[in-house]
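# Notes for the structure review
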2 protein chains.
Amino acid sequence: MLKKQLIMEKALELFSEQGFEATSVQQITERCGISKGAFYLSFKTKDELVISMVDYYLQQFIIDVDRVVRGKYNKETILVEFYKSIFQAFKDHSASARVFFNEKVFLTKKELFYKITAYEAEMSKSIIYMLEQLYQDKLQKTKYDVMYCIKGFMKSYAELFIFSDMPLDLEQLAKSLAEKTDIIARHTTIPFITEELVTFIAKPCEQDISKDTLLQLMEQNIDNTEDSIEKESLELLKQEIEKPTYSKAIIKGLIENLRLNPVYHWIAYVCAKYFNI
Amino acid sequence: MLKKQLIMEKALELFSEQGFEATSVQQITERCGISKGAFYLSFKTKDELVISMVDYYLQQFIIDVDRVVRGKYNKETILVEFYKSIFQAFKDHSASARVFFNEKVFLTKKELFYKITAYEAEMSKSIIYMLEQLYQDKLQKTKYDVMYCIKGFMKSYAELFIFSDMPLDLEQLAKSLAEKTDIIARHTTIPFITEELVTFIAKPCEQDISKDTLLQLMEQNIDNTEDSIEKESLELLKQEIEKPTYSKAIIKGLIENLRLNPVYHWIAYVCAKYFNI
DNA sequence: TATACTAATGACTAATCGGTCATTTGTCAA
DNA sequence: TTGACAAATGACCGATTAGTCATTAGTATA
């Protein structure tokens, strides 16, 4: 597990410097200080590496955004907090941002295209949730347009973090974009993006996690872990999926056990969604 | 010259399908129906091909935008016309948009990074010019932010054209974004992007075309051409750069001769800037 | 027809790629 | 110390790459 992380981190560095196709497995193993054979003990192919990396790096990002959006901020500050956390992430992880937000070689590999589209859709859902909380039904017709504007602001202003490392006032940036977002939300009258359009674009992603895929995901995680508390929590949750037994509090506690360890962030997030917590 | 164009067009198709690194020279020559040797008669290396392609495809785009921005539209419709032409271009040339706006492998090659940054800066200048015409000094503090918002709208809504080919109402889209832009321009009070920031980001690009680089550019174009009118116009303009002789009208006419042929769009654009026409 | 020239070819090279596997190294309990 | 097992190695494989160059095809002039 640690070996996998080491490889993913060094690979990220190299992809960020040279791009995915231009980076060889040899180069990755050299930077890790391991042999070529050791690489293929962790990942079956080079493609499997990049798929794992997409999960590893994008999950954290999505979870961060979702946590802020569903957090206990008041209406005056939620937009500012949202933008602050987004750009803080861009600043702290500019290498992964460079690789996954810019190098879209990935889009030529079908499996990765679906994966990234699914993450994009997840992000869209979080933004829509935030807008609904903020403006309620005042935004019925235009909320998808406002969501697209927010994503546009992110993409445009991200270049400040991705292509240079100058010192920037995150607080000021967040305030500036929060104001712009609020202005757009309050004054826009001509919508263009409809719900149908959004679902059409996000088509490849499953609407909700099915019981079977979740069980499969659990098993994968159980197999890959050796830690005791986390493994036990995973197994109990797996049983709970197959045959509901415990109360909400216990389930929440088990999920919280997982959330404490970054490795299980994603499975915790998916479980919370499945159990409506 | 025709051979070069053929190669660039077929290469664009393949890059759009598979990405740059994943496409071999062999594949390109096969799709062109020429031999490998013939390819290397037109381009010294694979990298030289992609550099030429960036010029070939981005020049057209930049010139289109500049033409609309400096065109004779009235203030009510200029924003709508701007967005219409942008997205019409995305629709008509979705393959090149996919390659050059998404696949940023290019950013790992220094020469291309500078080139693309320079084109980005050119685009920014056009947008700023439009905003100054539209809002005059009402937008002094916030014009760079509004420019970043416009670029964000472009990036965000472009995905509708780049990743699918559903039928979209361009007129409605343009109106929707024009309204959003106008709202932002009128109501934004908290600026973040300063002129210093913009020039810092655009650093690699030369501020103005120097006499020498323009002369060099002219010579290159003269060597590559066989057409009579265009060649004569180029030679006369080159003499004019070295020793001013003719009136503005004559110069404008010579530039117009070039503008008629797509191959000389860029050199015409640069000359017009140099002679302040 | 003969000559001179350019345009085009594709077999070839050296290097590098992703991926494999017989072998070695390290780590336990007995 | 021994034997059993897992972890790690790197020489090796076939395939593919960008780029070269001796050769041929095509064309225009004399």
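Above this text sits the structure in question.
Residues numbered from 1 in each chain as written. Chains lettered and ligands numbered in written order. Predicted model: local features only at pLDDT ≥ 70, side-chain atom pairs only at ≥ 80, totals over all residues. Heavy atoms only, no water.

Regarding its fold elements, chain A presents 14 helices and zero strands. Each helix and strand of chain A, placed in order from N terminus to C terminus, yields the pattern α-α-α-α-α-α-α-α-α-α-α-α-α-α. Taking 277 residues into account, the globule formula puts the C-alpha radius of gyration at 19 Å, and chain A, at 20 Å, falls close to it. Across its three principal axes, chain A shows a C-alpha extent of roughly 60 × 50 × 35 Å. The 277 residues of chain A split such that 51% are buried. If you take every contact in chain A between residues at least 6 apart in sequence, the share linking residues at least 24 apart comes to 68%. Counting every atom, chain A has about 13600 Å² of accessible surface; 51% of that belongs to carbon and sulfur. Averaged over its 36 positive side-chain charges, chain A has a centre that lies 2 Å from the centre of its 41 negative ones. (Helix = DSSP H or I, 4+ residues; strand = E, 2+ residues; numbered from the N terminus. Rg over C-alpha atoms; globule rule 2.2 N^0.38 Å. Buried < 20%, exposed > 50% of the residue type's maximum accessible area, 1.4 Å probe, protein only. Contact = heavy atoms within 4.5 Å. Areas by Shrake-Rupley, 256 points an atom, 1.4 Å probe, with all protein chains shown as cover. Lys, Arg positive; Asp, Glu negative; His and termini not counted. Charge placed at Lys NZ, Arg CZ, Asp CG, Glu CD.)

Let us look at the side chain of Thr23 of chain A. Residues and elements named next belong to chain A. Along the chain, the position of Thr23 falls in the loop between helix 1 (2-18) and helix 2 (25-32). For Thr23, a relative accessible area of 1% gives the class buried. The residues contacting Thr23, other than those within four sequence positions of it, are Leu14, Phe15, Gln18, Ile28 and Lys46.

Turning to its location among the elements, Asp145 of chain A is positioned in helix 8 (residues 143-162). Here Asp145 of chain A falls in the buried class, since its relative accessible area comes to 0%.

Further remarks concern the environment of Leu177 of chain A. Residues and elements named next belong to chain A. Turning to its location among the elements, Leu177 is positioned in helix 9 (residues 170-187). Taking C-alpha positions, Leu177 is 8.5 Å from Ile150, a pair spaced 27 residues apart along the chain. Setting aside its immediate chain neighbours within four residues, Leu177 contacts Tyr83, Phe87, Phe153 and Tyr157.

So, about the relation of the copies chain B and chain A. For the match of chain B to chain A, the screw axis carries a shift of 0.0 Å, the RMSD comes to 0.1 Å, and the turn is 180 degrees. Here the symmetry operator amounts to a two-fold rotation axis. Of every C-alpha in chain B, the one belonging to Gly152 of chain B sits nearest the axis of rotation, 2.0 Å from it. Comparing interface residues between copies, 100% of those in chain B also sit at the interface in chain A, which points to an isologous, same-surface contact. (Least-squares fit on C-alpha atoms with pLDDT ≥ 70 in both.)

Once that is clear, we can look at the packing of helix 8 of chain A against helix 8 (residues 143-162) of chain B. Think of two packed helices as two axes; the pair is described by the angle between the axes and how far apart they sit. Running from N to C, helix 8 of chain A and helix 8 of chain B cross one another at 115 degrees; their axes reach a closest spacing of 7 Å. Crossing angle aside, the handedness with which helix 8 of chain A passes helix 8 of chain B is right-handed. The residues of helix 8 of chain B that touch helix 8 of chain A, namely those facing Asp145, Tyr148, Cys149, Lys151, Gly152, Phe153, Lys155, Ser156, Tyr157, Glu159 and Leu160 of chain A, are Asp145, Tyr148, Cys149, Lys151, Gly152, Phe153, Lys155, Ser156, Tyr157, Glu159 and Leu160 of chain B. Residues of the contact of helix 8 of chain A with helix 8 of chain B, tallied by class, amount to ten nonpolar, four polar and eight charged. (Axes fitted to C-alpha atoms, helices over the stretch in contact; angles between N-to-C directions. Left-handed = near helix turned anticlockwise from the far one by under 90°. Nonpolar A, V, L, I, M, F, W, Y, C, P; charged D, E, K, R; others polar.)

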